[in-house]
Amino acid sequence: MKKQTIDTRPAGPKPWYDPRVRSLFFQAIAIALVFWGGWILVDNTLSNMESRGISTGFGFLGETAGFGIIMNLVPYDATMSYGRTFWVGLTNTLLVSAMGVVAATILGFIIGVARLSSNWLVAKMALVYIEVIRNIPLLLQIFFWYFAVLSNLPSPRQSVDVGGALFLNNRGLYLPDPVTQEGFGIVWGGILLAIAAVVGIRIWAKKRQLATGQIFPTFKVGVAILVLVPIISYLVAGRPLEWDLPALRGFNFGGGITIIPELAALWIALSLYTASFIAEIVRSGILSVSKGQTEASKALGLPNGLTLRLVVIPQAMRVIIPPLTSQYLNLVKNSSLATAIGYPDLVAVFMGTTLNQTGQAVEVVAITMAVYLTISLLISLFMNIYNRAVAIKER
Amino acid sequence: MRKTKSIALGIALAVGTFSATGAMAATTLENVKEKGHLQCGVTSGLPGFSQPDEKGNWTGIDVDTCRAVAAAIFGDANAVEFTPLTAKERFTALQSGEIDMLSRNTTWTLTRDASLGLNFAGVNYYDGQGFLINKGIGVDDATQLDGATICIQAGTTTELNLSDYFRAKGMEFKPIVFDTSEQTVQGFAAGRCDVLTSDRSQLAALRSKLSDPSSAKILPNTISKEPLGPVVRQGDDQWFNIVKWVLSVQINAEELGVTSANADDMLKSDNPNIQRLLGTDGDMGAKLGLPDDFGYQAVKLVGNYGEMYDRNVGPDTPLGLDRGINALWTEGGIMYAPPVR
């Protein structure tokens, strides 16, 4: 008996006519080409560098660096390794970036709001600030603050002296360094207690407002607690804090904490420059909130400040955050201009001195690029998470 | 932008080596001849060593070292193009093939010679590191510099020597590292640091750039050996020999009394040493792959070593540096070149 099988499926096209197979095929070829190109590039670079007698590999990171760095947040001296110079440079970059992001954000929001002020003078001053600062190249602004402003401070021996504890001269700002003594744990406890209390009060106040509509002055009470509780615990513990005062030793100041002018110049320039862009972003965000929202809020009897804080800004944030992320990324990358004024950031220390002393350009440049990429991607990640939190929730 | 340039150089190195399989086949000499000029890396402006004037003409002892090589190859001391480089950029520029030779007051050290894929082709100036101080700090010896703030140029041996010196003496210092020597002087002039450190030959030049040179003085201490000379890529021995022997010919020419002024008369000399030097006897040039009169061209068009020294850094120039150890070995110095034979 003959067995008959009947194929009920429609006869599909031949594989080489099938669009899905075709697209997969070409995508596979494209990926293979990219990887092959990358492999050729790496392999050729390595073998050619070897044939030219150029050292390769990352062994140099363990060798003794042997040069000094003026500012280090992680312990460093010349006997440590090149790998350690990387961390010194990285922490210096992160410090100035973080300081810049905070200052630029605060200043940018203030100026952005001022730009829309109904007060003619305030609005015009904000306009002039934005147009002047954002239209001058950042490098020139850094030079201006470093060579024109901070260099003109008096020399160490003619320092500006504030109460024998704080000194300002062309080598930096010298502050007393707090040295904790035995029993300072009580003060830490006080600080933690104060923070916990403020958080508790905030939650309670919100609940009460929802239940009764009464508003509790959370902000004023919070500040009072944060200031008073640590002070009281400090006194109770018997003042367990001594100050290491800066003093003129030889021809420079020693002791205390030093903020070097390179850091100050870079920080000021980066903050002012980025703030001018953030101000425009804030303005665009506020203007994107329809006028009806403001009018509705006024109709409910909310004062100007509360209208801005509770109605306008939360809606404006949706427009503000994506371009704000770009500004943060720009600020971090612009911080590499530090090398022009001798601030020891990652580019100046690691891609400068370390690269030059070891001569391993490919490795050092690759590491440095990877670091900036990582920092930028992390900032993007966190800003995207924040963006999702404030975005319109569609239910 | 410095950073952009370094990255560009890094990429150029990666991509350059990528395509180097083809380029490696041609020797540096062939490449230079094909281009019709020598590409020479120099400083971005250091009086006496390499500095452009207002018309863009480069002068200096390092510049003349390049010009002599060009004269030896082309019979034309102007067949050179100069690439100004910062200390940080110089080795990458040479490794990536952007320049044919580096003549940028570069110190010869073991690490640079052995791990950068480069060869040092001799010494055209024996230098040492010193200190320029602001007179106001009242110091007259380097051992009194404990706690000083010191301006340095990035990417130099100076950074390491300084650290070594202070560590050995158990003293502390604060380094301010600038990218170019102009910025270093600016930082010193602005009072950001008490001390500027660099090779001694440069200190005099840098001091002359200050608005009030008398406010600063050079300390007597020399804390390191800095033999400065031209550098070439490793792996092209012919080119290495050319650069090495052009410099040697200039030093030998001084020893034999051959100058740019009397080179033509010296062609008739009976002295076999001079005959070999100027190419009237033997085939010294052919051995290097150069015309036989390469020595004549180099000396005639650029001068012997002494002329080069006197013209650029000698006592009659703004730098006013005595020959000191850079005098010929026959005159109490250590400038000594192997014989041309």
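In the annotation of an unreviewed UniProt entry, chain B is listed under the name Amino acid ABC transporter periplasmic protein and assigned to Marinobacter manganoxydans MnI7-9. What the UniProt record of chain B gives under Sequence similarities (unreviewed entry) is the line "Belongs to the bacterial solute-binding protein 3 family."

Labelled according to an unreviewed UniProt entry, chain A appears under the name Amino acid ABC transporter permease, originating from Marinobacter flavimaris. Entered under Sequence similarities (unreviewed entry) in the UniProt record, the comment concerning chain A runs "Belongs to the binding-protein-dependent transport system permease family. HisMQ subfamily."

Draft legend 1. Region of interest: the overall build of chain A. From N to C terminus, chain A includes 11 helices and 8 strands. For chain A, whose C-alpha radius of gyration is 29 Å, the value lies well above the compact-globule estimate of 21 Å for 395 residues. Dimensions of chain A, computed from the C-alpha atoms along their principal axes, are close to 110 × 75 × 50 Å. Counting across all 395 residues of chain A, residues that qualify as buried make up 30%. Considering only intrachain contacts with a sequence separation of at least 6, the fraction spanning at least 24 residues in chain A is 66%.

Draft legend 2. Layout of the overall build of chain B. Broken down by element type, chain B carries 15 helices and 13 strands. Taken over C-alpha atoms, the radius of gyration comes to 21 Å for chain B, in line with the 20 Å a tight globule of 341 residues would show. Along the three orthogonal principal directions, the C-alpha set of chain B runs to about 60 × 50 × 40 Å. For chain B, buried positions account for 55% of its 341 residues. For chain B, the share of sequence-separated contacts (at least 6 apart) that also reach a separation of at least 24 residues comes to 73%.

Draft legend 3. Summary view of the interface of chain A and chain B. Counting residues at the interface gives 43 residues for chain A and 47 residues for chain B. Those elements giving two or more residues to the side of chain A that touches chain B turn out to be α1 (19-51), β7 (252-254), α10 (346-358) and α11 (361-390) of chain A. It is α10 of chain A that provides the largest number of residues to the side of chain A that touches chain B, a total of 8 residues. Each residue belonging to the side of chain A that touches chain B can be placed in one class, and the counts come to 18 nonpolar, 22 polar and 3 charged.

Draft legend 4. Layout of unusual backbone geometry. Residue and element names in this part refer to chain B. With a phi angle near 20°, asparagine 105 is a residue other than glycine that sits in the positive phi range. Inspection of the secondary structure assignment puts asparagine 105 in strand β5 (residues 101-107). A tally of 26 C-beta atoms within 10 Å means that asparagine 105 is categorised as buried.

Draft legend 5. Representation of the domain arrangement of chain B in the model. All names here are of chain B. As far as domains go, chain B holds domain 1 (2-126 + 227-331) and domain 2 (129-224). For domain 1 and domain 2, the distance between their C-alpha centres works out to 29 Å. The partner domain 2 presents 15 residues to the 18 residues of domain 1 that form the contact. Of the residues in the side of domain 1 that touches domain 2, the class split is 8 nonpolar, 8 polar and 2 charged.

Draft legend 6. Structural detail: the sheet that holds strand β8 (residues 129-134) of chain B. All names here are of chain B. Spatially, 5 strands are ordered β10-β9-β11-β8-β12 in an open sheet, and the strand pairing comes out mixed. Where the open sheet ends on each side, the last strands, each with one partner, are β10 (173-178) and β12 (216-218). Strand-to-strand, the axes of this sheet are offset by a mean angle of 30°, without reference to chain direction. Note that β8 and strand β11 (residues 195-199) share 5 bridges and pair antiparallel. Paired with leucine 132 across the strands is leucine 196, a residue of β11.

Draft legend 7. Structural detail: the pairing of strand β13 (residues 226-233) of chain B. Residues and elements named next belong to chain B. Taking burial as the measure, the 8 residues of β13 include 7 buried ones, the bulk of the element. Direction of pairing for β5 relative to β13: antiparallel, over a ladder of 3 bridges. The residue bridging threonine 106 from the neighbouring strand is glycine 229, located in β13. Direction of pairing for strand β7 (residues 125-127) relative to β13: antiparallel, over a ladder of 3 bridges. The residue of β13 that forms the bridge with aspartate 127 is glutamate 226.

Draft legend 8. Inspection of the environment of leucine 107 of chain A at higher detail. Residue and element names in this part refer to chain A. As for its placement among the helices and strands, leucine 107 is situated in helix α2 (residues 82-115). Judged by local crowding, leucine 107 falls into the partly exposed class, with 18 C-beta atoms found within 10 Å. Counting along the chain gives 165 residues from leucine 107 to leucine 272, while the straight-line C-alpha distance between them is 7.7 Å. For leucine 107, the contacting residues outside a window of four places in its chain are Ser271 and Ala275.

Draft legend 9. Up close: the confidence of the model for chain A. In the predicted model, chain A carries a mean pLDDT of 88, and the fraction of residues at 70 or more is 97%. Within chain A, no element has a lower average pLDDT than β7 of chain A, which sits at 77, and none a higher one than helix α3 (residues 120-134) of chain A, at 96.

Draft legend 10. Broad picture of the sheet that holds strand β2 (residues 166-169) of chain A. All names here are of chain A. Read from one edge of the open sheet, 4 strands run β1-β2-β3-β8, paired in antiparallel fashion. The open sheet terminates on both sides in strands that have one partner only, identified here as β1 (160-162) and β8 (257-259). Strand-to-strand twist in this sheet, taken as the mean axis angle between neighbours without regard to direction, amounts to 15°. Note: strand β3 (residues 172-175) against β8, 3 bridges, orientation antiparallel. Bridge pairing links tyrosine 174 to threonine 258 in β8.

What counts and what doesn't
- Residues numbered from 1 in each chain as written.
- Chains lettered and ligands numbered in written order.
- Predicted model: local features only at pLDDT ≥ 70, side-chain atom pairs only at ≥ 80, totals over all residues.
- UniProt positions renumbered as here; feature names shortened; annotations may be inferred.
- Helix = DSSP H or I, 4+ residues; strand = E, 2+ residues; numbered from the N terminus.
- Rg over C-alpha atoms; globule rule 2.2 N^0.38 Å.
- Buried ≥ 20, exposed ≤ 12 C-beta atoms within 10 Å, placed from the backbone.
- Contact = placed C-beta atoms within 7 Å.
- Nonpolar A, V, L, I, M, F, W, Y, C, P; charged D, E, K, R; others polar.
- Domains from an automatic or database assignment.
- Pairing = 2+ DSSP bridges.
- Axes fitted to C-alpha atoms, helices over the stretch in contact; angles between N-to-C directions.
- pLDDT = per-residue confidence, 0-100.

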